[in-house]
Amino acid sequence: MSNATVAVVGGGLVGTLNAIYFAQRGWNVNLYEARPDMRLPENKAKERGKSINLALSERGLSALRATKLGLDKLILEASVPMYARMVHVGDKQMSQAYSVHGEYINSVDRARLNDLLLNIAEKFENISIYFEHQLVMIDFDKNILSLKTGSTEHQSSIVKHYADLIVGADGAYSRTRGQMMRRMRMNYEQEYIDTGYCELSMLPKLNENGESEFALDPNHLHIWPRHTFMLIALPNPDKTFTCTLFMPFDMFNEITTKEKLLEFFSTHFPDAIPLIGQERLIDEYFKNPRGSLITIKSSPHHLNGQAVIIGDAAHAMVPFYGQGMNCGFQDIEVLHQVLDHHGITPVLTKKMKNQLEKALTDYSNTRVKDAHAICDLAMYNHYEMRSAVTSLRYLARKGIEGWIHLWAPRWVIPLYTMVSFTTIPYSKAIERWHKQNFWLNVVLGTVSMVTLTGLTGVILFNKNNRKEQNYRDIIKTVLDSVWKNFN
Ligand SMILES: Cc1cc2nc3c(=O)[nH]c(=O)nc-3n(C[C@H](O)[C@H](O)[C@H](O)COP(=O)(O)OP(=O)(O)OC[C@H]3O[C@@H](n4cnc5c(N)ncnc54)[C@H](O)[C@@H]3O)c2cc1C
Ligand SMILES: NC(=O)C1=CN([C@@H]2O[C@H](COP(=O)(O)OP(=O)(O)OC[C@H]3O[C@@H](n4cnc5c(N)ncnc54)[C@H](OP(=O)(O)O)[C@@H]3O)[C@@H](O)[C@H]2O)C=CC1
Ligand SMILES: Nc1ccccc1C(=O)C[C@H](N)C(=O)O
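Residues numbered from 1 in each chain as written. Chains lettered and ligands numbered in written order. Predicted model: local features only at pLDDT ≥ 70, side-chain atom pairs only at ≥ 80, totals over all residues. Heavy atoms only, no water.

## Describing the domain arrangement of the chain
Phase 1: As assigned here, the chain comprises domain 1 (5-80 + 107-190 + 295-384), domain 2 (192-292) and domain 3 (392-485).
Phase 2: Between domain 1 and domain 2, the C-alpha centre-to-centre distance is 31 Å.
Phase 3: Carbon and sulfur atoms supply 64% of the area that domain 1 and domain 2 bury against each other, a total of about 1500 Å² over both sides.
Phase 4: Between the two partners, domain 1 and domain 2, sit zero salt bridges. (Domains from an automatic or database assignment. Buried area = accessible area lost by both parts, 1.4 Å probe. Salt bridge = Lys/Arg side-chain N within 4 Å of Asp/Glu carboxyl O.)

## Here's the deal with the site of ligand 1
Phase 1: Not every one of the 29 residues close to ligand 1 is listed here, only the nearest: Glu33, Ala55, Arg110, Leu135 and Asp312.
Phase 2: Here an oxygen atom of ligand 1 and a side-chain polar atom of arginine 35 are 3.0 Å apart.
Phase 3: Backbone polar atom of alanine 55 to an oxygen atom of ligand 1: 2.6 Å apart, as the coordinates give it.
Phase 4: When contributions to the shell around ligand 1 are tallied by element, the ones reaching two or more residues are helix H1 (13-24), strand S3 (53-56), strand S9 (133-139) and helix H11 (324-341).
Phase 5: Its residues assigned to classes, the shell around ligand 1 comprises twelve nonpolar, eleven polar and six charged. (Near = heavy atom within 4 Å. Polar contact = N/O pair within 3.5 Å; in protein donor to acceptor, adjacent residues only side chain to side chain. Helix = DSSP H or I, 4+ residues; strand = E, 2+ residues; numbered from the N terminus. Nonpolar A, V, L, I, M, F, W, Y, C, P; charged D, E, K, R; others polar.)

## With respect to the pattern of salt bridges
Phase 1: For the structure on display, the rule yields 14 salt bridges.
Phase 2: Its salt-bridge partner being arginine 183, residue aspartate 141 comes within 3.1 Å of it at the nearest N-O pair. Of this pair, aspartate 141 sits in the loop between S9 and strand S10 (144-149) while arginine 183 is found in the loop between helix H6 (175-181) and strand S13 (187-202), placing the two residues 42 residues apart along the sequence.
Phase 3: Under the relative-accessibility criterion, aspartate 141 is labelled exposed at 64%. (Buried < 20%, exposed > 50% of the residue type's maximum accessible area, 1.4 Å probe, protein only.)

## Quick notes on the packing of helix H13 (residues 392-407) against helix H15 (residues 426-461)
Phase 1: Where H13 contacts H15, the two axes come as close as 12 Å, and the packing angle between them is 100°. As summarised for this structure, H13 and H15 are arranged roughly perpendicular, according to the angle between their axes. Across the interface between the two elements, Arg397, Ile400, Glu401 and Ile404 from H13 touch Asn437, Leu440, Asn441 and Leu444 from H15.
Phase 2: A per-class count over the contact of H13 with H15 returns four nonpolar, two polar and two charged. (Axes fitted to C-alpha atoms, helices over the stretch in contact; angles between N-to-C directions. Parallel < 35°, antiparallel > 145°, perpendicular 65-115°, else oblique. Contact = heavy atoms within 4.5 Å.)

## Digging into the packing of aromatic side chains
Phase 1: Counted according to the given criterion, the structure contains 21 aromatic pairs.
Phase 2: On the numbers, 6.0 Å between centres and 90° between planes, the contact of phenylalanine 229 with phenylalanine 269 is edge-to-face. In this pair, phenylalanine 229 sits in the loop between strand S16 (220-225) and strand S17 (230-235) while phenylalanine 269 sits in the loop between helix H8 (258-268) and helix H9 (272-276), placing the two residues 40 residues apart along the sequence. When sorted by exposure, phenylalanine 229 lands in the same class as phenylalanine 269, which is buried.
Phase 3: A ring pair is formed by tyrosine 321 and tyrosine 416, whose centres lie 5.4 Å apart and whose planes are at 20°; its orientation type is stacked. Here tyrosine 416 lies in helix H14 (residues 415-421) and tyrosine 321 lies in the loop between strand S22 (315-316) and H11, a separation of 95 residues in the sequence. (Phe/Tyr/Trp six-rings, centres within 6.5 Å; stacked < 30°, edge-to-face > 60°.)

## Some remarks on the side chain of arginine 177
Phase 1: Tracing the backbone shows arginine 177 in helix H6.
Phase 2: Although arginine 177 lies buried, it forms no salt bridge, and the closest oppositely charged side chain, aspartate 170, sits 7.0 Å away as judged by the N-O distance.
Phase 3: Those residues within four positions of arginine 177 in sequence are excluded, and the remaining contacts are Gly171, Ala172, Met186, Tyr188, Ile296, Ser298, Ile309, Asp312 and Ala313. (Lys, Arg positive; Asp, Glu negative; His and termini not counted.)

Here's what the structure looks like:
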């Protein structure tokens, strides 16, 4: 019996890494990508203007590392570490570290990462890459994929390919998922948020010696939080920044002229205007596309032993935690751990096919809840980034959490650390966070009560020297501050 064939639909970040994992398992891999080869110079320009760089953190790195091909090192060589958020309010900048232990996230070039993965995939003899092959239909009775080939209507034709297993990594608007839904009872939920995004670029500035350098501190993710909207900037290795304006569509629609745009930026982001440059700001704001933001949850992620969806095809999330790709990469690592656990070999006997179905069921059972969890956390981080980062209460709480983590790292782990710097399943991270919050509230409550009792004691002790009205004021002030602490 020859080795089994897996069809991987989508040659984006997740599909390509998954192709490498399957090739390493000894399967024959057919990787189908609807678009032309983005590594060719004539196709490169088409990529500009949308989601140029990405924050890569531990979950993504772990999946790259597990290939043992040094992919993590290769991509980190061309990345910029971001140790903290830099919050821009008024003319002040405030650095807020991501971790008390100096851990950082990495800004990587999406196209470079994709190119690197494709270059590696191409070296495997058992991977065939088919560009300009767009999945149109799947016949699940025979497990045959129909793919549209060719880039223009006139040249296009349909080809049919068989696969033992189909892995859909074809992004948020997945056709694989759509085809699976016609055959099974897949729960599906999607939600657009009111916020859209537009990317802008910030070029390097020249220093006194005429050398180019980053226009802002390069080791930060810069945020201009304005409650209902925000501007962010991530550094690139070429000393530019990619800025993203996240704003309700209504506001985008109101800014229709360059005068209105400049007035808006002068009011809300005056320091960003000279950094981006007026002309560039006007040009890119009106030229670059507006992206919409969507959360997609689906369950289960598999159909029998025949197909499974991973990456954005299974769970698209708003980008605010910088976890979409990281989560997609972790899907691959978890999927292959489950396949290993079930002893799945590349030779698919009837018994092995049954085993594969069990493995995919196990995969959905573990991964769906984690996917849902990170979709929810991503939505929460939108609020944190655009608003909470400027609140004293948030900063105090974060400070206390970080301090306890420094001294008792196993007792309290900040949520951000669990999500970005560990591979703890997302659902477990949320569970732990809730428990920690409960105990933190108990401790802070006890500390406040002890302080209150102490203060009351001091006041009563000195009562002969004070007027009664004074104690009432002091006690009221203390009670008010305790109450605020808990609300
Ligand atoms: C503004 C923004 C910022 C982001 N920042 C981060 C970040 O900092 N960190 C992070 O981890 N994530 C981030 N993300 C999320 C990240 O971009 C996605 O999670 C990631 O690209 C998903 O990868 P994927 O391979 O699953 O899907 P995609 O990247 O969408 O790739 C799918 C591929 O499938 C192909 N395809 C589609 N349909 C078909 C078909 N019918 N047949 C064949 N091929 C098909 C597409 O052409 C594409 O190449 C961000 C997203 C946005 C929008
Ligand atoms: N969760 C989120 O909010 C977001 C997530 N993303 C993720 O990042 C990935 C890469 O982003 P980017 O390159 O900008 O993606 P694109 O917008 O360029 O689209 C990627 C793929 O999705 C298809 N597509 C786009 N919009 C729709 C739609 N409304 N209905 C049906 N199909 C659609 C495109 O088809 P065609 O080529 O025909 O246009 C293309 O095949 C996305 O695929 C997505 O997975 C991107 C934006 C937001
Ligand atoms: N990559 C992004 C793209 C868009 C919006 C946010 C990010 C982030 O990475 C945010 C970061 N994790 C933070 O919490 O500060």
